[in-house]
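What follows is the residue order along each chain.
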Amino acid sequence: MHYQRTIKEEISIDGVGLHSGEKVKARLIPAEADTGIVFMRADNGRQKIPLSPDRVVSTQNNSALGVNGNKILTVEHLLSAFYGLGIDNALIEVYGPEIPVLDGSAKPFVREILNAGIEKLGKARKFMLVKKPVRAEEGDRYAALDPSPEFRIEFVISYDHPLLSYQRKEFTFDHQDFEREISPARTFGFLSEVDQLLKSGLAKGGGLQNVVVIGQDGPVNPEGFRFQDEPVRHKILDSMGDLMILGTNIIGAYRGYKSGHKLNHQLLVNLLSSPDNYQLIEATDPHLVQENGFQIPRWYNPDSAQSA
Ligand SMILES: [Zn+2]
């Protein structure tokens, strides 16, 4: 049996919103089994926003969730940390229009969650098994999900820039690897696009402390890249956060080619468009898992995960 999890203690995180530029605060509060991850604008209406592709209200340079005009921007890095650490349930009270960007990666969230501890709950975790290939595309870009016995991600980026003309990375899901190899990868942007972003009302809270800004010869940030292929790692981080909006862990193989928040969202909508595409499974006993032929990632077993 693979149990659902929540955080052991409440966590409070202050910072700046990447796009809004406003001072924002998020409180991560433990929640009971089957609550899911639920967001709430605590400063405005306190209406609950559960995870669902239906709640995505913007995908321009970030994934935003909302209900009745109440928006929360840039949820993807926090959701990626939850996915990576196997947190199924938590209430996220947000004060302000956005989740704090911190250093532009998921690492600070991961550190806070591991410090607070992870609590095993008394109910089985649910999975969404991908049964048929699903795809979302626009021009030469695409995002795809295929049946696979384990959760895997493969991403390719290709930009009109000598350093980023081609980066490809595969990642087979495992808690330790996520923490070490994916969670520290920061948001990036091109120096040539800064003016345009600001004109669109985006990236108002952006700076070298939370974005890798890439000029003609490489990062303008004095510390450089954290990994030589940090940008493609960040796209994997983002995609995990975007996939988490489904509200259920996926067993399947994701492939992204120059994909982003918009195509990732469309992919989830396409997945849910036909019940033939997926099967919802509760990991109540190992036989069920064997019959369906999939493997639960190593970290899903709380006995083998140090933090569980
Ligand atoms: Zn991102």
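Check the entry above for the structure.
What counts and what doesn't
- Residues numbered from 1 in each chain as written.
- Predicted model: local features only at pLDDT ≥ 70, side-chain atom pairs only at ≥ 80, totals over all residues.
- Heavy atoms only, no water.
- Pairing = 2+ DSSP bridges.
- Helix = DSSP H or I, 4+ residues; strand = E, 2+ residues; numbered from the N terminus.
- Axes fitted to C-alpha atoms, helices over the stretch in contact; angles between N-to-C directions.
- Donors = N, O, S within 2.8 Å, 3.2 Å for Na, K, Ca; no water.
- Tetrahedral: all angles 85-135°; square planar, octahedral: opposite > 155°, others 65-115°.
- 1 Å grid on protein atoms, 1.4 Å probe; cavity = no way out; pocket = protein on both sides within 12 Å on 5 of 7 lines; lining within 4 Å.
- Points joined across faces, edges and corners; volume = space filled by probe spheres on them.
- Nonpolar A, V, L, I, M, F, W, Y, C, P; charged D, E, K, R; others polar.
- Buried < 20%, exposed > 50% of the residue type's maximum accessible area, 1.4 Å probe, protein only.

K.L.:
So, the sheet that holds strand 9 (residues 90–95): which residues are in play, and what are the values?
P.N.:
For sheets, the rule is that strands pair by backbone hydrogen bonds, running either parallel or antiparallel. Reading across the sheet, the five strands line up as 2-3-9-4-5 and stay open at both edges, with mixed pairing between neighbours. Both edges of this open sheet fall to strand 2 (11–16) and strand 5 (48–50), since each of them pairs with a single strand only. With strand direction ignored, the average angle separating the axes of adjacent strands in the sheet is 25 degrees. Across six bridges, strand 3 (residues 23–30) lies against strand 9 in antiparallel orientation. What sits directly across from Ala26, in strand 9, is Val94.

K.L.:
Can you tell me about the coordination of the zinc ion, naming the residues and giving the values?
P.N.:
Protein coordination at the zinc ion: the donors are His77 (NE2), His234 (NE2), Asp238 (OD) and Asp238 (OD), at 2.1 to 2.7 Å from the metal. Here the zinc ion is ringed by four donor atoms whose angles at the metal span 53 to 149 degrees, and the overall shape comes out irregular. For the zinc ion, the donor residues sit on a single chain with the sequence spacing H-x156-H-x3-D. Taken together, the residues His77 in helix 1 (residues 76–85) and Asp238 in helix 5 (residues 230–244) connect sequence positions 161 residues apart.

K.L.:
Help me get a handle on empty space enclosed by the protein, residues and values and all.
P.N.:
Per the counting criterion, the structure on display carries one cavity of 30 Å³ or more. If you add up the space inside the largest cavity, you get close to 30 Å³. Residue assignment for the lining of the largest cavity shows that the elements contributing at least two residues are helix 5 and helix 6 (261–272). Residues that form the lining of the largest cavity fall into these classes: two nonpolar, five polar and three charged.

K.L.:
With reference to specific residues and values, describe the sheet that holds strand 19 (residues 249–251).
P.N.:
A sheet is described by the order of its strands in space; here three strands give the open sequence 19-11-21, paired in mixed fashion. Lying at the two open borders of the sheet, with one neighbouring strand each, are strand 19 and strand 21 (278–282). Neighbouring strand axes in the sheet, compared pairwise and without regard to direction, differ in orientation by 30 degrees on average. Where strand 11 (residues 126–130) and strand 21 come together, five bridges link them in antiparallel fashion. Residue pairing for strand 21: Lys126 is matched across the bridge by Glu282.

K.L.:
Would you mind going over helix 2 (residues 107–116) in detail, with residue names and values included?
P.N.:
For helix 2, the set of buried residues is Pro108, Phe109, Val110, Ile113 and Ala116. Note on helix 2: the residue one or two positions beyond its end, Gly117, has a positive phi of about 95 degrees.

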